[in-house]
4 protein chains.
Amino acid sequence: MKYPDKEMFNYVLNYFDELGIDLDEIAKQAVEHQKKYLPSLTLEDGHKRIYAILHKREVLNNLMTAIALDELANKGLLPEPLQSVVERDAGVYGVDEALAIANSIIAGSIAVTNYGFLDVKKSKVAKHLDDLQKSGKMITVFIDDQISALQAMVEGSLAHKKETSSFDEDTLY
Amino acid sequence: MKYPDKEMFNYVLNYFDELGIDLDEIAKQAVEHQKKYLPSLTLEDGHKRIYAILHKREVLNNLMTAIALDELANKGLLPEPLQSVVERDAGVYGVDEALAIANSIIAGSIAVTNYGFLDVKKSKVAKHLDDLQKSGKMITVFIDDQISALQAMVEGSLAHKKETSSFDEDTLY
Amino acid sequence: MKYPDKEMFNYVLNYFDELGIDLDEIAKQAVEHQKKYLPSLTLEDGHKRIYAILHKREVLNNLMTAIALDELANKGLLPEPLQSVVERDAGVYGVDEALAIANSIIAGSIAVTNYGFLDVKKSKVAKHLDDLQKSGKMITVFIDDQISALQAMVEGSLAHKKETSSFDEDTLY
Amino acid sequence: MKYPDKEMFNYVLNYFDELGIDLDEIAKQAVEHQKKYLPSLTLEDGHKRIYAILHKREVLNNLMTAIALDELANKGLLPEPLQSVVERDAGVYGVDEALAIANSIIAGSIAVTNYGFLDVKKSKVAKHLDDLQKSGKMITVFIDDQISALQAMVEGSLAHKKETSSFDEDTLY
């Protein structure tokens, strides 16, 4: 039996589509954030990194679980008192953040600080998700943090890839 | 509106009852594990610590969410492919571990290493949960790790509380 | 032999003094950040929380180690290539962030996101530390993140303490 | 100015040599641990994975810092009370574990649980390091945990690489 990496990837991307989450917009914002440090970054760099990250199994595991919790909350299927806590998006419920930290840390500690920043200072896409929740149309408690984490991972990854290195992998390996 | 700490506590303890999880047994094992370092530890110490930990809001948030995922999996309500991944308890799905790490780390880094040990070398209670899953009676993917994390937190907490300290809080504070 | 909690506390507070780090200023900023959610917060609340946090052994362990690394870097005593990496405060060196995350996570996942925000959007105290480094007077690579983490922990702690709870600890315990 | 990845790699491997830490032995043990799940694993697989992991910048950052702390402790150069805490390898000092967790989590949450297990149930190499410390010859407080984390990362990485996947990367990317 094969691990359903492809099915997870499709599940995640379908949910992004449903919510109007634009991967290119996330990649673009990540590139813009990092451009002050790395002026030569291109949209293509951001695009490549976001797809590379979305092919990591641990990332997909986390994202899929976060989305499942939102979907079940949307249908009112979470057991109480969890359903009420998620519906009111209580500030002292931090499992959405914990799952996003677990995700962003895969890209290193700098991705975690970037995630924290984006979580407080909502990005364009995160604001769109926040609006969906506040308008009462949809619960976006978990996906909101995952999107900030995703952008943070792209940023961290771009920073690492672009710093010139004293490594000559051909000779070292 | 009040945050439902008490309801979370009751929800968690009811689920423990349903699964035959005995808090005193967990406390006892934690005390036994730490007794080699701290011979004067008593069952009463373990009992006090486990209840103190189960009164922490962050701990209850994590536990409640983990249990909800198991409950929904038991009813076949998780969206695919998550439902299949959880049903087969796939080794490379690590969100159950991520939630348990997020919980145990609240008691410090030593609780995390203790959790890791208990996760690999199943405790009596964790073995009971594992048997439930393997017999096909119940899905215990998330609660299994949470129970190991809970014991690990009690152990870490006992270790900290019993080490004599140069602190004289009366004068310092 | 007693664990030197008091000595660690004194070591940390002495270093804060040396660098002109004002605990009351950190407490004040934490209270101001949380006041939008909790208008009744007082400076006294912040003051109490920061001292409570600075009495936690795990927090002191992390802080002491971070400060030791800065002190040794200031004296040029770190082995190469670590000394050079810390001197130039390289953006892709993330151990200062990792130690700050390890610290803030003790106060829960919300403290981690607050830390991330403060790490990117420097607080008054963190800016002061940054200026010390940039002026070439002192290396503040590790303490910088620890101070943001400390403020983040106070904020997280204030948020938790002030949310009204359905817990009646007297009856539950 | 280039980031000294190569210098970090050399620094780490030189220190391993000095302490008689054998990378092939670590790789071998990781393969043996995973063989119960994946019988087709070869020593070559383990060897490849350990070098791939030791080429990650975040891993080298963490390892280099941990080693620096041991080296400085060996020379008696850590400020007090940190020097005494590290010399007596106090059980409630958990920064060595925190740095090892920060490292292993890069390979995912399963690597963290494996690290926790190896930290409690010392591997052959970790036992060798423990003996060095106990004989009073050398302080190995930080490297000890890093070696367990390294083996845990190899194990986690092997588990992920060997699980067959529904991903066909050629078509998806």
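The shown structure was predicted, so the numbers you read here are calculated from the model rather than taken from an experiment.

**Describing the overall build of chain A**
Right, on to step 1. When helices and strands are tallied, chain A shows 10 helices and 0 strands.
Right, on to step 2. Seen in sequence order, chain A has helices and strands lined up from the N terminus as α-α-α-α-α-α-α-α-α-α.
Right, on to step 3. Relative to a compact globule of 173 residues, whose C-alpha radius of gyration would be 16 Å, chain A shows 17 Å and is just as compact.
Right, on to step 4. Seen through its C-alpha atoms, chain A measures out along the principal axes to roughly 60 × 45 × 25 Å.
Right, on to step 5. Taken over 173 residues, chain A has a buried fraction of 66%.
Right, on to step 6. A separation threshold of at least 6 residues defines the contact pool for chain A, and within that pool the share at least 24 residues apart is 76%.
Right, on to step 7. As displayed, chain A offers around 6500 Å² of accessible surface, 49% of which is attributable to carbon and sulfur atoms.
Right, on to step 8. Charge-centre separation for chain A: the mean point of 19 positive side chains lies 3 Å from the mean point of 28 negative side chains.

**Overview of the interface of chain C and chain B**
Right, on to step 1. Each partner contributes to the interface: chain C provides 32 residues, whereas chain B provides 33 residues.
Right, on to step 2. Summing the contributions of chain C and of chain B, the shared interface buries around 2800 Å²; its carbon and sulfur component is 55%.
Right, on to step 3. Scanning the region where chain C abuts chain B turns up 0 salt bridges.
Right, on to step 4. Summed over the shared surface of chain C and chain B, the result is 17 residue pairs in polar contact (both at pLDDT 80 or more).
Right, on to step 5. Among the elements of the structure, α1 (5–18), α3 (43–53), α4 (57–74), α7 (109–120) and α10 (169–172) of chain C are those that each provide at least two residues to the side of chain C that touches chain B.
Right, on to step 6. No other element matches the 5 residues that α1(C) contributes to the side of chain C that touches chain B.

**Brief notes about the relation of the copies chain C and chain B**
Right, on to step 1. Aligned on chain B, chain C shows an RMSD of 0.0 Å; the corresponding rotation is 180 degrees and the shift along the axis is 0.0 Å. What the rotation and shift describe, once combined, is the action of a two-fold rotation axis. Taking C-alpha positions as the reference, the residue of chain C nearest the rotation axis is Ile106(C), at 2.3 Å.
Right, on to step 2. A shared binding surface is used by both copies, with 100% of the interface residues of chain C retained as interface residues in chain B.

**Here we look at unusual backbone geometry**
All names here are of chain B.
Right, on to step 1. Here glutamate 80 and proline 81 are connected by a cis peptide whose omega angle stands at 10 degrees.
Right, on to step 2. Within the fold, proline 81 resides in the loop between α4 (57–74) and α5 (82–87).
Right, on to step 3. Even without glycine at this site, aspartate 89 takes up a positive phi of about 50 degrees.
Right, on to step 4. Within the element layout of this structure, aspartate 89 appears in the loop between α5 and α6 (95–104).
Right, on to step 5. Aspartate 89 gets classed as partly exposed once you look at its relative accessible area, which sits at 34%.

**Some details on the relation of the copies chain C and chain A**
Right, on to step 1. If you rotate chain C by 180 degrees and push it 0.0 Å along the axis, it lands on chain A with an RMSD of 0.0 Å.
Right, on to step 2. Interface residue correspondence from chain C to chain A reaches 100%, placing this contact among same-surface, isologous pairings.

**Structural notes on the packing of helix α4 (residues 57–74) of chain D against helix α9 (residues 141–162) of chain D**
All names here are of chain D.
Right, on to step 1. The N-to-C vectors of α4 and α9 enclose an angle of 155 degrees; their axes lie 7 Å apart at closest approach. Overall, the two elements α4 and α9 adopt an arrangement that is roughly antiparallel. Only Val141, Phe142, Ile143, Gln146 and Met153 of α9 make contact with α4, whose side of the interface consists of Val59, Asn62, Leu63, Ala66, Ile67, Leu69 and Asp70.
Right, on to step 2. Tallied by class, the residues present in the contact of α4 with α9 amount to 9 nonpolar, 2 polar and 1 charged.

**Overview of the nonpolar core**
Right, on to step 1. Ranked by internal contacts, the top residues of the largest apolar core, which has 110 residues, are Phe16(A), Tyr93(A), Ile143(A), Phe16(B), Tyr93(B) and Ile143(B).
Right, on to step 2. Ignoring anything within four residues of it in the chain, the contact list for Ile143(B) reads Tyr15(B), Phe16(B), Leu19(B), Ile21(B), Leu63(B), Ile67(B), Asp70(B) and Leu129(B).
Right, on to step 3. Formed by 109 residues, the second largest nonpolar core is a distinct cluster that contains Leu63(C), Leu129(C), Phe9(D) and Tyr93(D).

**Things to note about the interface of chain C and chain A**
Often the size quoted for an interface is simply the accessible area lost on bringing the parts together.
Right, on to step 1. Every contact between the two is made by 21 residues of chain C and, on the other side, 21 residues of chain A.
Right, on to step 2. Both faces combined, the contact of chain C with chain A buries some 1700 Å², and carbon together with sulfur accounts for 73% of it.
Right, on to step 3. For the chain C face of the interface with chain A, the top three residues by lost area are Val92(C), Thr113(C) and Phe117(C), together amounting to 31%.
Right, on to step 4. Connecting chain C to chain A are 2 salt bridges.
Right, on to step 5. Notably, a salt bridge pairs Arg88(A) with Glu163(C), separated by 2.7 Å at the nearest N-O pair.
Right, on to step 6. At the boundary of chain C and chain A, one finds 4 residue pairs in polar contact (both at pLDDT 80 or more).

**Regarding the packing of aromatic side chains**
Residues and elements named next belong to chain A.
Right, on to step 1. Applying the stated criterion to the full structure yields 6 aromatic pairs over all chains.
Right, on to step 2. Seen from their ring centres, tyrosine 93 and phenylalanine 142 are 6.2 Å apart, and the 85 degrees between their planes marks the pair as edge-to-face. Placement of the pair is tyrosine 93 in the loop between α5 (82–87) and α6 (95–104) and phenylalanine 142 in helix α9 (residues 141–162), with a sequence separation of 49 residues.
Right, on to step 3. Residue tyrosine 93 is classed as buried on the basis of its relative accessible area of 2%.
Right, on to step 4. For phenylalanine 142, a relative accessible area of 1% gives the class buried.

**Remarks on the packing of α6(B) against helix α9 (residues 141–162) of chain B**
All names here are of chain B.
Right, on to step 1. Their axes nearest at 9 Å, the elements α6 and α9 cross at an angle of 25 degrees. If you check the angle between α6 and α9, you find them roughly parallel. α9 is crossed by α6, and the crossing has right-handed handedness. Contacts from Val95, Asp96, Glu97, Leu99, Ala100, Asn103 and Ser104 of α6 reach α9 at Val141, Phe142, Asp145, Gln146, Ala149 and Met153.
Right, on to step 2. Counted by class, the contact of α6 with α9 contains 7 nonpolar, 3 polar and 3 charged residues.

**Some remarks on helix α7 (residues 109–120) of chain B**
Right, on to step 1. The first and last C-alpha atoms of α7(B) sit 17 Å apart over 12 residues, in line with the 16 Å expected at 1.5 Å per residue.
Right, on to step 2. Counting buried positions along α7(B) yields 11 of 12 residues, so the element is predominantly enclosed.
Right, on to step 3. By the burial criterion, the buried members of α7(B) are Ser109(B), Ile110(B), Ala111(B), Val112(B), Thr113(B), Asn114(B), Tyr115(B), Gly116(B), Phe117(B), Leu118(B) and Asp119(B).
Right, on to step 4. Packed against the buried residues of α7(B) are α2 (23–35), α6 and α9 of chain B, α4 of chain C together with α6 (95–104) and α7 (109–120) of chain D.

Reading the values: rules and limits
Residues numbered from 1 in each chain as written. Chains lettered and ligands numbered in written order. Predicted model: local features only at pLDDT ≥ 70, side-chain atom pairs only at ≥ 80, totals over all residues. Heavy atoms only, no water. Helix = DSSP H or I, 4+ residues; strand = E, 2+ residues; numbered from the N terminus. Rg over C-alpha atoms; globule rule 2.2 N^0.38 Å. Buried < 20%, exposed > 50% of the residue type's maximum accessible area, 1.4 Å probe, protein only. Contact = heavy atoms within 4.5 Å. Areas by Shrake-Rupley, 256 points an atom, 1.4 Å probe, with all protein chains shown as cover. Lys, Arg positive; Asp, Glu negative; His and termini not counted. Charge placed at Lys NZ, Arg CZ, Asp CG, Glu CD. Buried area = accessible area lost by both parts, 1.4 Å probe. Salt bridge = Lys/Arg side-chain N within 4 Å of Asp/Glu carboxyl O. Polar contact = N/O pair within 3.5 Å; in protein donor to acceptor, adjacent residues only side chain to side chain. Least-squares fit on C-alpha atoms with pLDDT ≥ 70 in both. Axes fitted to C-alpha atoms, helices over the stretch in contact; angles between N-to-C directions. Parallel < 35°, antiparallel > 145°, perpendicular 65-115°, else oblique. Nonpolar A, V, L, I, M, F, W, Y, C, P; charged D, E, K, R; others polar. Core = buried A, V, L, I, M, F, W, Y, C linked by side-chain atoms within 4.5 Å. Phe/Tyr/Trp six-rings, centres within 6.5 Å; stacked < 30°, edge-to-face > 60°. Left-handed = near helix turned anticlockwise from the far one by under 90°. Expected span 1.5 Å × (residues − 1).

Without other data, these values stay purely geometric and don't point to any function.
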